[in-house]
Every structure is written in C-alpha cells, then in structure tokens.
Amino acid sequence: MSGCSKRCKLGFVKFAQTIFKLITGTLSKDKIEDELEMTMVCHRPEGLEQLEAQTNFTKRELQVLYRGFKNECPSGAVNEETFKQIYAQFFPHGDASMYAHYLFHAFDTTQTGSVKFEDFVTALSILLRGTVHEKLRWTFNLYDINKDGYINKEEMMDIVKAIYDMMGKYTYPVLKEDTPRQHVDVFFQKMDKNKDGIVTLDEFLESCQEDDNIIRSLQLFQNVM
Amino acid sequence: MAAGVAAWLPFARAAAIGWMPVANCPMPLAPADKSKRQDELIVLNVSGRRFQTWRTTLERYPDTLLGSTEKEFFFNEDTKEYFFDRDPEVFRCVLNFYRTGKLHYPRYECISAYDDELAFYGILPEIIGDCCYEEYKDRKRENAERLMDDNDSENNQESMPSLSFRQTMWRAFENPHTSTLALVFYYVTGFFIAVSVITNVVETVPCGTVPGSKELPCGERYSVAFFCLDTACVMIFTVEYLLRLFAAPSRYRFIRSVMSIIDVVAIMPYYIGLVMTNNEDVSGAFVTLRVFRVFRIFKFSRHSQGLRILGYTLKSCASELGFLLFSLTMAIIIFATVMFYAEKGSSASKFTSIPASFWYTIVTMTTLGYGDMVPKTIAGKIFGSICSLSGVLVIALPVPVIVSNFSRIYHQNQRADKRRAQKKARLARIRVAKTGSSNAYLHSKRNGLLNEALELMGTPEEEPVGKATSLIESQHHHLLHCLEKTTNHEFIDEQMFEQNCMESSMQNYPSTRSPSLSSQPGLTTTCCSRRSKKTTHLPNSNLPATRLRSMQELSTIHIQGSEQPSLTTSRSSLNLKADDGLRPNCKSSQITTAIISIPTPPALNPEGESRPPPASPGPNTNIPSIASNVVKVSAL
C-alpha cells in the first residue's frame with residue numbers, strides 16, 4: 001500500500017506542476033538537453049611521417065588515400081553502416097552488405113566498431129604491398145569469422161554465401177540454392193589436408209602456396225595505387 | 001559511381017584479395033595503366049579560389065582540420081600550397097571564423113551542404129554566432145523533420161513481406177488507401193457516422209401533432225424507426241471497435257488512445273439504455289447519458305485530416321491556451337468584484353453576488369453584451385466600459401500565436417503531402433541511376449571483349465569499337481569481372497534473365513530435341529568444362545539462332561577466348577571469322593551484330609523468330625557457316 005500511496009503522491013505532484021506550468025504559460029519549455037547536439041566524435045590520424053614508417057606506402061600515396069577516406073567519413077572513422085554503403089556502391093547488382101560486414105570486422109582489428117584511418121591504411125598496406133605470406137594470413141583472418149584460429153565449414157559457408165549475394169539475382173547460369181555449398185565443398189577438399197573438417201592457418205598457407213592460380217591472382221592488384 | 005567513392009576504389013580492389021582463395025578459376029588480367037600515373041593533384045585551391053591567411057590565424061583553433069597537422073595531408077609539394085576540393089563559398093565563412101572568432105551561417109546556403117562542410121573542417125555548429133543561430137536552428141529542424149518523414153514512409157513501404165492477418169488488418173485500418181476493401185470500410189463507417197449524427201439531431205425536431213396530445217418531437221413519434229436506425233449504427237460501430245481492438249498491435253495502448261475512448265463513449269449509452277429499460281428512477285439519468293451520443297461526431301476526425309490538424313494544433317498550443325484562460329479568469333474575478341461593489345448601492349440591482357457578476361463580466365469582456373444584466377450606477381457604468389475595452393485586448397493577444405501554430409502545422413502537412421506525391425518520381429530516378437550503373441558494366445563487358453579480340457588479332461590501327469572508358473571505370477569493371485570469375489556466374493540484365501527462366505521452363509517438355517547447352521541454363525559448370533561442352537555443339541546445323549542464344553553463347557565463348565591464351569581452337573575461330581565479319585563492319589562506324597549458329601530445337605524456332613528484333617543499330621547479319629567454328633562477334 002505504501003508504494004501505491006507514494007505513486008499517487010508523485011502523480012499528484014506532477015499534476016499540480018502541470019497545472020502550474022499551464023497557467024504560467026511555460027508548458028512547452030525547450031529542454032536545454034535537447035539543444036546540445038551530440039558532439040561528433042572526431043578522430044585525427046597520426047602524422048604523415050609515422051604512417052609512412054609503419055606502412056609500405058609513400059607520402060604521396062598516403063595523401064591520396066587520406067583524401068578519399070576523409071571525403072566519405074569527415075569524422076575520421078568509418079562505422080559499419082558507412083562502410084557497407086561505400087562498398088555497396090561498387091556492386092550495384094547484388095547485395096554487398098554481408099561481405100562488407102565480414103570485411104569490416106577484418107579491418108577493425110581491435111573490434112572497436114569503427115575503422116580509423118590507421119587501421120585502414122595498415123590493412124591496405126598488407127593487401128597491396130605485403131608479402132604473399134602476409135596476404136594469405138590476412139585472408140585467413142577474414143575467413144575466420146569468430147577469430148578462433150580455425151575455419152570451419154559454417155564460416156566458409158557464410159563467406160561464400162556473402163560473395164554469391166554480391167552477384168545479385170540476374171546471373172547466367174541461374175544461381176541455384178546449393179551452388180555455394182558445392183563451392184565450399186570444393187574448397188574444403190582442396191584446403192583441408194587432414195580431413196578433420198576445419199582448416200588451420202598452416203593448412204591454409206600450405207594449400208594456397210601449392211596452387212599457382214591463387215598465387216598469381218594475389219599479385220594481380222600490385223599496381224592498384 | 002560517385003566521384004568521391006572513386007577514391008575508395010583501391011580499397012575495394014584490395015579487398016578483392018579475400019575472394020582469391022575461394023575462386024577456382026584464374027582471374028582476368030588487370031587493366032594496364034597506360035597513362036603515366038600522376039598524382040591527381042590538381043593545382044587549384046579550394047576549387048580554384050586562393051585564400052591567404054597567416055598560419056597563426058589558423059592555429060588559433062588547434063582542434064579543427066586547418067589548425068592541426070591534419071592539413072598536411074592536403075599539402076601539394078609541387079605548388080607548395082594546400083589544396084581542398086570543397087566549396088569555396090562556404091570556405092569563406094569557415095575562414096572568417098578563424099579571423100574573427102565568429103561563425104556565420106549564410107542564409108542562401110543549403111543546410112545539409114553547410115553541415116557537411118563544417119563536419120569536414122572539424123568545426124562544431126554550436127559555435128555559430130548569435131546573429132545567425134536562430135536561422136540555423138530553424139532550418140536544421142525542418143531538415144530533420146523531412147528526414148524523419150522520409151524514413152517513416154520508407155518503413156511503411158518496406159514492411160511488405162508476409163504480414164500476418166492481424167497486421168494487414170491494422171494497416172488497412174490505419175491507411176485506408178492500401179486496399180479497396182479498406183477504402184470501402186472507411187466510407188461505410190463515415191456514412192454511418194453521418195447518419196447517426198443526423199438522426200440524433202432530427203430526433204428532437206418537433207414533428208407535427210398526434211391528435212389529442214401536444215406536439216411531439218420526431219423521436220417520440222416514430223420511436224421504432226429511430227430505434228432501429230440507432231441500433232444499426234451502434235452495431236456497425238461496435239463491430240468496427242472490436243475489429244480495431246483485435247487488430248491493434250498493442251491492445252493496452254489502443255484502449256488508452258483518444259480515438260478508442262471516443263468510440264467507447266459513443267456506443268456506451270445505447271448499451272446502458274438496453275440494460276436499464278424501464279426503471280423509472282434511473283431513466284432520468286439515462287436521458288442525460290444520451291447527450292454523449294453527440295461524441296460520435298468526433299469519430300469523423302479519423303476521416304478528416306483537417307480536424308486532426310486542428311486537434312493537434314490545440315494540443316501544441318496548450319500553453320498559450322492555458323495562459324489565455326488564466327488571464328481571463330484573473331480579469332473576470334477582478335471586474336466582477338468591482339462591479340458588485342459598484343452596484344451594491346443601487347436598488348433592484350441584478351448584481352446580487354460576486355458569482356452572479358461573473359456572468360456579466362464574461363458577457364461584456366467577450367463583447368457579447370446580451371443586456372440581461374446592465375449596471376445602473378455611474379460608477380458601475382464607468383467600470384463596465386473599462387471592462388469591455390480590456391476584454392478585447394485580453395482575448396486578442398494569444399489568438400495570433402494559436403493561428404501561427406495552426407498555419408505552421410498546416411503547411412507542414414501540405415509539404416508532406418507534396419513530398420509523398422513526388423516520391424514516386426524520386427524513387428524512379430534513383431532506380432534509373434542504379435540500373436544505369438549496372439547496365440554500364442554489361443555494355444562495357446561486351447565492348448571490352450570486342451576490344452580485346454581486336455587487339456589480339458593484331459590490328460592496332462583500328463580504333464576500338466565502342467566508347468573509351470576511363471581508367472576508373474575499367475578498373476571497376478575488372479573488379480566485377482573478378483567477382484564473376486570467383487563465383488563462376490555472370491551478370492546479365494533483367495530481360496535476358498527472364499528469357500532464361502522462360503526457356504528453362506520450356507525445356508521441361510519431353511521432346512526429341514537435341515539438348516543444347518543453352519537448354520540447360522541451370523547447369524553450373526566450371527569454366528574449363530564449359531569450354532569442352534561448347535565445341536561439341538558447333539558442328540551442328542546452322543539454323544539461325546535467336547538473338548538471345550547468341551548472347552549466351554557469345555559471352556561464354558568470349559570469356560574462354562580472353563582467359564585461356566593457350567587454347568587455339570576458339571582463338572583461331574575468332575581469327576577466322578573475325579577477319580571477314582569485323583573488318584568491313586569496323587570500317588563503318590556502325591556496330592554490327594552477328595549471330596552464332598547453334599542448334600535450335602525446331603519447335604522453339606517459330607517462337608524464337610517471332611521475338612521482336614532487338615533495337616540495335618546494326619543489321620543482323622547471318623553469315624552461313626563454313627566450318628564448324630562459326631563464331632561471330634556480336635557487340636551491342
């Protein structure tokens with residue numbers, strides 16, 4: 001009963017306050033808290049020299065990269081939504097959001113939820129200028145969704161499904177339901193040496209280095225910058 | 001593709017490394033960077049306008065872009081200046097902020113463009129000076145409302161997939177335009193509301209006399225008829241209320257809402273009347289309950305948007321109305337007291353008490369002046385005239401505020417309606433832009449393959465057919481090509497996809513046709529096996545194939561041609577016929593279309609022939625096949 005009476009008293013006080021505000025004409029006062037916008041979290045990258053030392057890019061290339069980065073994300077950090085939007089612009093046919101999601105988590109090494117310019121440039125440095133070993137390690141990290149050091153069939157299935165989603169609906173030949181699954185089976189046959197259902201980093205590195213196609217295609221984007 | 005996003009293309013291409021281990025086929029070659037790769041430093045400043053200022057001026061605010069080391073990223077070594085590819089007009093305001101310490105908002109500037117620029121330079125909008133702050137806030141609020149409106153209507157559009165029956169019903173109730181049934185229901189209820197209100201009104205009109213008794217109102221004369229009408233209306237209202245209650249997503253919230261309370265109040269008197277039929281004591285109370293039936297007229301507010309706006313205005317002007325009421329009460333009490341004491345002296349005065357004077361004060365202040373109570377003493381008359389003059393003032397003051405609120409809300413509603421009307425055109429524009437981008441890829445794929453074929457043929461002096469694509473575009477297309485390779489599927493446009501589906505369903509008929517590859521569009525083959533399947537079909541007859549088929553075959557053959565340089569058969573066939581087919585056609589600026597002969601099941605032929613010829617500029621040439629390798633190049 002005491003709780004009820006307390007509530008009643010509170011309600012009565014509120015009612016009296018409302019009447020008072022009504023009389024004095026201050027009913028709809030703009031709350032000050034609403035006016036203060038959430039200040040934008042602005043992040044500034046480290047200096048140009050430090051970044052040049054940490055990555056394999058020259059100053060010019062860093063400048064070009066930063067300008068593009070800053071254009072899309074003036075606040076200095078990309079969140080997942082913006083990342084997905086940017087990536088989706090390159091693949092207008094299908095739905096790039098899932099692959100962008102996995103990419104984002106591969107870029108966001110510290111799992112903070114936003115990719116800063118340093119993270120961005122570090123990952124790009126590996127992808128474009130790194131050794132084959134580094135690239136393959138990065139790709140392994142991308143496929144390993146839960147970051148436990150192993151790729152199992154479900155993770156691979158998710159990744160391959162995300163890649164197929166980017167194709168969209170209008171493809172030739174027509175995409176069937178089990179096409180991704182077949183693709184994953186082929187992949188596992190090649191990669192999983194000891195047939196235990198998971199691919200470790202060593203198995204992955206070994207199998208990729210045996211395949212000339214993969215090695216050659218990794219070098220494909222050398223001259224992207 | 002937006003120009004700004006083009007800067008992210010290196011990132012997207014680098015991210016494509018993630019596909020490499022998954023892909024089974026080798027990737028196409030990257031486009032060669034023919035032009036000397038220069039930094040895209042354009043020697044302009046803030047898009048051409050050079051601004052000059054001291055360094056210390058900029059360093060006054062070290063937590064902004066211009067005041068910190070972030071601007072080094074924009075430094076141009078060659079011309080020794082900082083280049084920003086932004087709007088010079090807004091930059092003027094930004095630079096003035098550094099100079100004077102006050103940030104101004106130019107009235108002609110679009111609010112979102114201005115916000116973007118401020119965000120880029122790292123300046124918080126809160127420091128806009130007082131002179132421009134109000135304007136900025138107003139524009140910002142309008143923009144936010146517009147965005148919310150768009151989001152709401154988007155959400156409404158997108159919540160299509162598989163709504164439960166209950167949800168569809170609720171949607172039908174809330175937006176009667178969604179289905180014809182809902183519209184019918186809407187109009188029927190509106191009609192019955194009108195009937196019920198008119199009945200209530202006509203019921204009390206005196207309706208002629210029954211001989212031998214006094215004049216009766218119609219309600220009592222034709223009581224049965226009116227009772228039937230009332231019953232019918234209440235039935236409809238009850239059913240409607242119950243249906244709404246069933247369909248509401250949150251029943252508790254629905255019961256508490258104003259409209260449902262009005263509904264309940266409108267139908268309760270009838271049921272209460274049914275319960276207490278002829279009990280003499282409470283029938284008096286029951287009669288007063290009938291007055292609540294007039295609340296049915298408020299049900300019209302669901303049907304009329306203007307009523308809703310009025311109600312919303314009153315709600316939003318609650319503080320002004322409250323102030324009006326309070327000041328009026330104050331004035332009434334003051335003047336009533338004064339009038340009472342002024343008229344106390346006169347005999348037979350109607351001002352018997354202060355509450356009795358309230359009536360006089362109200363009537364006078366609102367300038368009604370019935371004349372049933374008038375002051376007789378001189379003092380009373382003086383105070384009475386002061387009362388009427390002040391009444392006009394007190395009432396006239398809050399009214400413009402209410403009116404302006406109403407006008408603002410009304411215009412907002414009108415703008416929302418206009419936006420909704422333009423929404424279709426806007427969405428169509430967005431869709432066109434999107435398909436334009438994907439079509440560009442498909443077109444350039446064919447052009448690009450044609451170009452490669454030409455190059456490989458070794459005719460460098462010929463100009464590449466089709467318009468040249470920029471480096472960015474060719475890189476983007478290479479990226480899409482890699483995706484095709486990774487998944488072993490190709491992009492095609494919508495019409496061809498539908499043709500494929502149609503054909504695959506046609507193929508389900510049992511027949512004696514020879515299976516051609518195109519008859520099994522669902523077959524997922526690797527690029528290697530596809531090639532071998534291809535060559536087995538060419539030796540067949542050279543029935544003119546449909547253009548559609550040619551597209552399919554063409555694209556597959558060309559892909560083999562470009563990616564397997566060691567394969568000689570298809571290449572030689574390209575060389576063979578390409579010479580004849582292409583040379584004369586290339587010389588003319590027209591693009592020719594050629595047809596690849598593939599075996600067509602005879603039954604499908606008439607259907608194929610009857611398809612309308614495609615709208616392509618060149619003629620459909622049909623060169624008879626000499627050898628088995630009739631491969632003609634088709635370009636759109």
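Residues numbered from 1 in each chain as written. Chains lettered and ligands numbered in written order. Predicted model: local features only at pLDDT ≥ 70, side-chain atom pairs only at ≥ 80, totals over all residues. Heavy atoms only, no water.

By the naming in an unreviewed UniProt entry, chain B goes by Potassium voltage-gated channel subfamily D member 3 and is assigned to Catagonus wagneri. The Catalytic activity (unreviewed entry) comment attached to chain B in UniProt states, word for word, "K(+)(in) = K(+)(out)". (UniProt positions renumbered as here; feature names shortened; annotations may be inferred.)

Per an unreviewed UniProt entry, chain A goes by Potassium voltage-gated channel interacting protein 1 and derives from Catagonus wagneri. A UniProt comment under Subcellular location (unreviewed entry) is attached to chain A, and it reads "Cell membrane".

A separate point is the overall build of chain A. For chain A, the helix and strand inventory stands at twelve helices and five strands. Looking at chain A as a whole, 42% of its 225 residues qualify as buried. Counting only contacts in chain A whose residues sit at least 6 apart along the sequence, the fraction spanning at least 24 positions is 58%. Per element, the accessible surface of chain A, about 11700 Å² overall, is 55% carbon and sulfur. (Helix = DSSP H or I, 4+ residues; strand = E, 2+ residues; numbered from the N terminus. Buried < 20%, exposed > 50% of the residue type's maximum accessible area, 1.4 Å probe, protein only. Contact = heavy atoms within 4.5 Å. Areas by Shrake-Rupley, 256 points an atom, 1.4 Å probe, with all protein chains shown as cover.)

Before going further, it helps to spend a moment on the overall build of chain B. On a plain count of helices and strands, chain B comes out with 24 helices and seven strands. Looking at chain B residue by residue over its 636 residues, the buried ones come to 40%. A sequence separation of at least 24 residues applies to 71% of the contacts in chain B between residues at least 6 apart. Carbon together with sulfur atoms contributes 63% to the accessible area of chain B, which is approximately 34900 Å² in total.

Glancing now at helix 9 (residues 153-165) of chain A. A rise of 1.5 Å per residue sets the reference length of helix 9 of chain A, with its 13 residues, at 18 Å; its end C-alpha atoms lie 18 Å apart and thus fit the reference within 8%. Every buried residue of helix 9 of chain A is listed here: Glu155, Met156, Met157, Ile159, Val160, Ala162, Ile163 and Tyr164 of chain A. Where helix 9 of chain A is buried, its residues meet helix 6 (97-107), helix 8 (132-143), strand 3 (150-152) and helix 10 (179-191) of chain A together with helix 19 (471-487) of chain B. (Expected span 1.5 Å × (residues − 1).)

Attention shifts here to unusual backbone geometry. Residue and element names in this part refer to chain A. Not every positive phi belongs to a glycine, and glutamine 111 is a case in point at roughly 55°. Here lysine 147, not a glycine, exhibits a phi torsion of approximately 55°, which is positive. Position of lysine 147 among the secondary structure elements: in the loop between helix 8 and strand 3.

What follows is about the packing of aromatic side chains. Tallying each qualifying case throughout the model produces 47 aromatic pairs over all chains. Where tyrosine 87 of chain A meets tyrosine 99 of chain A, the ring centres are 6.0 Å apart and the plane angle is 40°; that geometry is what we call tilted. Of this pair, tyrosine 87 of chain A sits in helix 5 (residues 80-88) while tyrosine 99 of chain A sits in helix 6, and the two are twelve residues apart along the sequence. Taking the centre distance of 5.7 Å and the plane angle of 45° together, the rings of phenylalanine 295 of chain B and phenylalanine 298 of chain B count as tilted. Take phenylalanine 295 of chain B: its relative accessible area is 29%, and that puts it in the partly exposed class. Sitting over the face of the ring of phenylalanine 120 of chain B, lysine 70 of chain A holds its NZ or CZ atom 5.5 Å from the ring centroid. In this arrangement the basic side chain of lysine 153 of chain A is found over the ring face of phenylalanine 188 of chain A, its NZ or CZ atom lying 5.5 Å from the centre. (Phe/Tyr/Trp six-rings, centres within 6.5 Å; stacked < 30°, edge-to-face > 60°. Lys NZ or Arg CZ within 6 Å of the ring centre and 35° of its normal.)

Bringing the nonpolar core into the picture now. Among the nonpolar cores identified, the biggest contains 103 residues, and Tyr87, Phe91, Leu103, Phe120 and Met156 of chain A together with Phe11 and Trp19 of chain B are the most heavily contacted of them. Membership of the second largest hydrophobic core comes to eight residues, among which are Ile193, Val234, Phe237 and Ile267 of chain B. (Core = buried A, V, L, I, M, F, W, Y, C linked by side-chain atoms within 4.5 Å.)

Before going further, it helps to examine the packing of helix 7 (residues 117-129) of chain A against helix 8 of chain A. When two helices pack together, you describe them by how their axes are tilted relative to each other and by the distance separating the axes. Residue and element names in this part refer to chain A. The N-to-C vectors of helix 7 and helix 8 enclose an angle of 125°; their axes lie 8 Å apart at closest approach. For the element pair helix 7 / helix 8, the angle class is oblique. In this structure, helix 7 crosses over helix 8, and the sense of that crossing is left-handed. Each of Ala123, Ile126, Leu127 and Leu128 in helix 7 lies in contact with helix 8, whose residues at this interface are Glu134, Lys135 and Trp138. (Axes fitted to C-alpha atoms, helices over the stretch in contact; angles between N-to-C directions. Parallel < 35°, antiparallel > 145°, perpendicular 65-115°, else oblique. Left-handed = near helix turned anticlockwise from the far one by under 90°.)

Take the interface of chain B and chain A next. Across the contact, 85 residues belong to chain B and 79 residues belong to chain A. Here chain B and chain A share an interface that buries about 7600 Å² over both sides, 68% of which is from carbon and sulfur atoms. Taken together, the links from chain B to chain A amount to two salt bridges. Among the salt bridges present, the one from glutamate 70 of chain B reaches lysine 70 of chain A, with a minimum N-O distance of 2.9 Å. The greatest single-element share of the side of chain B that touches chain A, amounting to nine residues, is contributed by helix 19 of chain B. Here the side of chain B that touches chain A is composed, by residue class, of 45 nonpolar, 21 polar and 19 charged. Note: strand 4 (residues 171-172) of chain A against strand 5 (residues 490-491) of chain B, two bridges, orientation antiparallel. Within strand 5 of chain B, the position partnered with tyrosine 172 of chain A by the bridge is glutamate 490 of chain B. (Buried area = accessible area lost by both parts, 1.4 Å probe. Salt bridge = Lys/Arg side-chain N within 4 Å of Asp/Glu carboxyl O. Nonpolar A, V, L, I, M, F, W, Y, C, P; charged D, E, K, R; others polar. Pairing = 2+ DSSP bridges.)

Let us now look at the confidence of the model for chain B. All names here are of chain B. Confidence in the prediction for chain B averages 72 pLDDT; 69% of positions are at 70 or higher. Residue range residues 35-41 is modelled with pLDDT below 50. Its contacts to residues more than four positions away, or to other chains, number ten contacts. In this model residues 510-636 is a low-confidence stretch, pLDDT under 50, and it forms 186 contacts with partners more than four residues away in sequence or in other chains. (pLDDT = per-residue confidence, 0-100.)

Moving on: helix 4 (residues 59-72) of chain A. Between its terminal C-alpha atoms helix 4 of chain A stretches 20 Å, which fits the 20 Å expected from 14 residues at 1.5 Å a residue. Among the 14 residues in helix 4 of chain A, ten count as buried, and that is most of the element. Among all positions in helix 4 of chain A, only Glu61, Leu62, Gln63, Val64, Leu65, Tyr66, Arg67, Gly68, Phe69 and Lys70 of chain A are buried. Where helix 4 of chain A is buried, its residues touch helix 3 (48-54), strand 1 (77-79), strand 2 (114-116) and helix 7 of chain A together with strand 1 (75-76) and helix 5 (111-120) of chain B.

Moving on, we come to the side chain of asparagine 45 of chain B. Residue and element names in this part refer to chain B. Summarising the element assignment, asparagine 45 is placed in the loop between helix 2 (9-15) and helix 3 (55-58). At 2.9 Å, the side chain of asparagine 45 forms a polar contact with the side chain of glutamate 81. The residues contacting asparagine 45, other than those within four sequence positions of it, are Arg50, Glu81, Tyr82, Phe83 and Phe84. (Polar contact = N/O pair within 3.5 Å; in protein donor to acceptor, adjacent residues only side chain to side chain.)

Before going further, it helps to spend a moment on the confidence of the model for chain A. For chain A, the average pLDDT comes to 82, and 91% of its residues sit at 70 or higher. Long-range and interchain partners of residues 30-39 of chain A, a stretch whose pLDDT sits below 50, account for seven contacts in this model, where long-range means more than four residues apart.

This part covers the side chain of serine 125 of chain A. All names here are of chain A. Note on placement: serine 125 falls in helix 7. At a separation of 3.3 Å, a polar atom in the side chain of serine 125 contacts the main-chain amide nitrogen of asparagine 56. Leaving out residues up to four positions away in the same chain, serine 125 has contacts with Thr55, Asn56, Phe57 and Gly130.

On to the UniProt feature "domain: EF-hand" (unreviewed entry) in chain A, then. Residues and elements named next belong to chain A. Here, the residues flagged by UniProt with the feature "domain: EF-hand" (unreviewed entry) are residues 95-130, 131-166 and 179-214. For the annotated span residues 131-166, helix accounts for 69% and strand for 8% of the residues, and the straight-line distance between the end C-alpha atoms is 28 Å. In residues 179-214, helix accounts for 72% and strand for 8%; the two terminal C-alpha atoms are 21 Å from one another.

This next bit is on a nonpolar patch on the surface. A contiguous nonpolar patch, built from Ile378, Ile382, Phe383 and Ile386 of chain B and spanning about 380 Å² of accessible area, is present on the exposed surface. Among the secondary structure elements, isoleucine 382 of chain B is positioned in helix 17 (residues 378-396). (Patch = residues over 30% accessible without salt bridge, like charges linked within 9 Å, V, L, I, M, F, W, Y side chains within 5 Å.)

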